[in-house]
Amino acid sequence: MKGLIENRFGLLALVLVALAALYGAAYVGRPAPVVQRQPQAVKAPVEAVSVVCPAPGGSKISVVSPPDSEGPHSEGPHSEGPDAESSGGKGTGSATLTQVHASAEAAGAKTEKDGRSPKPETVIDRPGVLWQREMPAGGGPVTVAATGAMAPGLESAQTARETSGTQRGLAGVRCVEPGADAWFVGPGPAGADVRLYLANADAAPADVSVMIYSGEGPVLSDRGNGVILQPGEHKAIDLRDLAPSPLVMALRVSTGNGRVAAAVKVVLRKGVDWLPVAAAPSTTVVVPGIPGIAGRRELYVTAPGEEDTVVQVKAVLKDGFYALKNKEDVDVPAGSTATMDLTTGIGGQPAALVLTSDAPIVAGMMITGTGAAQDVAFTAGAQPIDLGSVVADGRSSRKQTSRLVLSAPFAAGAVRIRILPQKGTVPEPMEVTVPAGRTREVKLKPPAGSGSAFAVVVQPLPGSGPVYGGRVLDESTRDGLLITAQPLALARIWTLVPSTTDSPAAVLP
C-alpha cells in the first residue's frame, strides 16, 4: 500500500475513485428536476370596448350587447374551466354614442362652453336588447363606447337603404375598432368611386400611411402617407386623388403612431356597399359568407410580399369541398392584385372559398345581385368564430331576408344561434350542425309579434371544428335585388391577457 501511495499515478487513481464516489452520491440524492411550464395567457372578459361607425348620416345605427348568458358554452381551446359559462358582463354598465369631434386646439371644432368634450348623444344600459336609430343625413363618424355589463360582446353596425340615385342599394358596415393595421380588397378607383374614411377617436395623434396594391403592382403615393390625424379628427379621402389608375386593388391602412378607425365605401355604376376589413396576409385564407343567390362572383387575391405565387382555389359548397373545374388556381405576381370570375363555379350556391399559397395573401370577393339595376355586396378573408360572433343588424319582413352562411372547411362544426329581437321575448336558441367540408345557409326570423329587426349571436358548441360564416341581408324590389353582406367576426367577449412572472427582465433595460 505504501508503494502504491508513493506512486504518483496510484495517488491520481485514488483521487479519481473518491471523486466518482462523491459524484455518485450527489447524483442519487439530487432533488427531482422542476418542470418549467411555459406561462399561458389567461382569458378574461372584456371590460371596455370602443368602436367607430364611419359615416352613419342617412343610415340606421344598430347597437347590441349579448345578455350575460351568451358566454362560450364549451371547454374548447379557448375555454378556461367552469367560469367559461359566463361572458363576464355582470353588474351595471352602459354604452354611449358620441359624435367624433376634434379638440378646439387641433382643428377648431366646437366644444362645450366649459372646454370639456361633447356630451354623449345617447346612453344604452340594457344588455340583450337591440337598440336602433335612423341618423339624420350629414354629420361625421360616431363612437360607440361601452363599459361594464355592456362591454362584453358589444356590436354595432350602420346600414343605409336607397332605392334610387347613385347610392341605390343596401350598404352596411360593421362599426370598426380603432387599430394600427387594416386591409381591404375590392374594385379600384379607376372603375368605381372608392372613398376611404379615417377617424381618430383616441386622445393621441395618429400617423397614418396608405399603401395600394393594384393589378400592375404596388402604388405608393406621397399624398397617402404621413397623414397626421389629431385627437378627434376625421376625414374622407377619394382614392382617385392617391391612385387614379387601379381597376382592382388591395388597400393597407397602417399607423406608425397611434390608432385609427378605417373604413372603405365603394360606389359602382350599379350598386354600392362597404368593403369589410380583410384578414391579415396568410398562406391560408378562408373567404366565407357567399350567399346562394344568382349573380356574378368575382374573386380578388393580393400577394403584398416580394414573391410571385400561385394560389390554389377550393370551394366549400353544400355538397362538397373541391377545386372548381378550370379554376383550380390563379397566378398572382408579387405586390399586385389578381382577379378570377367564379360565377360559373359557385354562382347561385351558398359557399366559402379556401385559398392556399406559398406566399402570404389577402383576399375578398364581390357579390353582384340580380335584376335590371344590380346591387353589389362584398365579403373578405375572415377568422373562424372560435369565441363566438355577434351581428347587430338583422331584418326579416315580407321583402327583406336575413341569412347566415356557415362553412366548416376542415372539420365538422356545430353552433348555437340565438335571435335577440328588438322587442318581446327572446326565443329559445337553435342548434345547427355543419358537416366537414360543407356549407349551410340558415334563414333567420324573429318570433311573431317582435317586429322585423333583431340581432344574432352565434356560438360554437363543445367539440366543434372551426366554423366560418357571414350574414347576408337582401331585399326584393321591382328594379332588382338589394344586397349587403358582412363576414362573421370574432365577438368582443373575451381577451387574452399575458400571464405575469417574477423576472428581472421586467425592470432591467
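Just above, that's the structure.
Remember, it's a predicted structure, so these values are computed and weren't measured experimentally.

Student: Whenever I open this one, the nonpolar core confuses me. Can you help?
Tutor: What tends to happen in soluble globular proteins is that the nonpolar side chains get buried as a cluster. Membership of the largest hydrophobic core comes to 37 residues, with the highest contact counts inside it found for Leu196, Leu198, Leu251 and Val253. Mapped by element, the contributors of at least two residues to this core are β10 (181-187), β11 (193-199), β12 (206-214), β14 (225-229), β16 (248-257), β17 (261-267), β25 (351-368) and β26 (376-380). Leave out the neighbours within four places in its chain, and leucine 198 touches Val208, Leu229, Glu233, His234, Lys235, Ile237, Val253, Val260, Ala261 and Ala262. Among the nonpolar cores identified, the runner-up in size contains 31 residues, and Ala351, Ala363, Leu481 and Ala485 belong to it.

Student: Is there a simple way to think about the pairing of β17 in this case?
Tutor: Regular strands place side chains that alternate from one sheet face to the opposite one. Counting buried residues in β17 gives seven out of seven residues, a clear majority hidden from the surface. Burial along β17 is two-sided: Ala261, Ala263, Lys265 and Val267 facing one way and Ala262, Val264 and Val266 facing the other are all buried. The pairing of β11 with β17 spans seven bridges and is antiparallel. Note on β17: the bridge partner recorded for tyrosine 197 is alanine 263. Here four bridges tie β17 to strand β18 (residues 272-275), and the two strands are oriented antiparallel to one another. In the sheet register, valine 267 faces β18, and the bridge partner there is valine 272.

Student: What should I look at first to understand the environment of threonine 425 in this one?
Tutor: Examined against the element boundaries, threonine 425 turns out to sit in the loop between β29 (413-421) and β30 (430-434). In this structure threonine 425 comes out as exposed when scored by relative accessible area, which is 65%. In the structure, threonine 425 is positioned 24 residues away from glycine 449 in sequence and 9.5 Å away in space, judged by C-alpha atoms.

Student: Help me out: how do you make sense of the packing of aromatic side chains in this one?
Tutor: The geometry of an aromatic ring pair is captured by the separation of the ring centres together with the interplanar angle, meaning the angle of the planes. This model, assessed by the stated rule, comprises three aromatic pairs. Here tyrosine 197 and tryptophan 274 contribute two aromatic rings whose centre-to-centre distance is 5.2 Å and whose plane-to-plane angle is 45 degrees, an arrangement assigned as tilted. In this pair, tyrosine 197 is assigned in strand β11 and tryptophan 274 in strand β18, connecting sequence segments 77 residues apart. Here tyrosine 197 matches tryptophan 274 in class, with each residue buried. On the basis of an interplanar angle of 75 degrees and a centroid distance of 6.3 Å, the ring pair of phenylalanine 410 and tyrosine 468 is categorised as edge-to-face. Here tyrosine 468 lies in strand β33 (residues 468-476) and phenylalanine 410 lies in the loop between β28 (400-408) and β29, a separation of 58 residues in the sequence. For tyrosine 468, a relative accessible area of 8% puts it in the buried group. Positioned above the aromatic ring of phenylalanine 321, the side-chain terminus of lysine 314 is 5.7 Å from the ring centre.

Thresholds, definitions, all that
Residues numbered from 1 in each chain as written. Predicted model: local features only at pLDDT ≥ 70, side-chain atom pairs only at ≥ 80, totals over all residues. Heavy atoms only, no water. Core = buried A, V, L, I, M, F, W, Y, C linked by side-chain atoms within 4.5 Å. Buried < 20%, exposed > 50% of the residue type's maximum accessible area, 1.4 Å probe, protein only. Helix = DSSP H or I, 4+ residues; strand = E, 2+ residues; numbered from the N terminus. Contact = heavy atoms within 4.5 Å. Pairing = 2+ DSSP bridges. Phe/Tyr/Trp six-rings, centres within 6.5 Å; stacked < 30°, edge-to-face > 60°. Lys NZ or Arg CZ within 6 Å of the ring centre and 35° of its normal.

Purely geometric numbers; function is a separate question.
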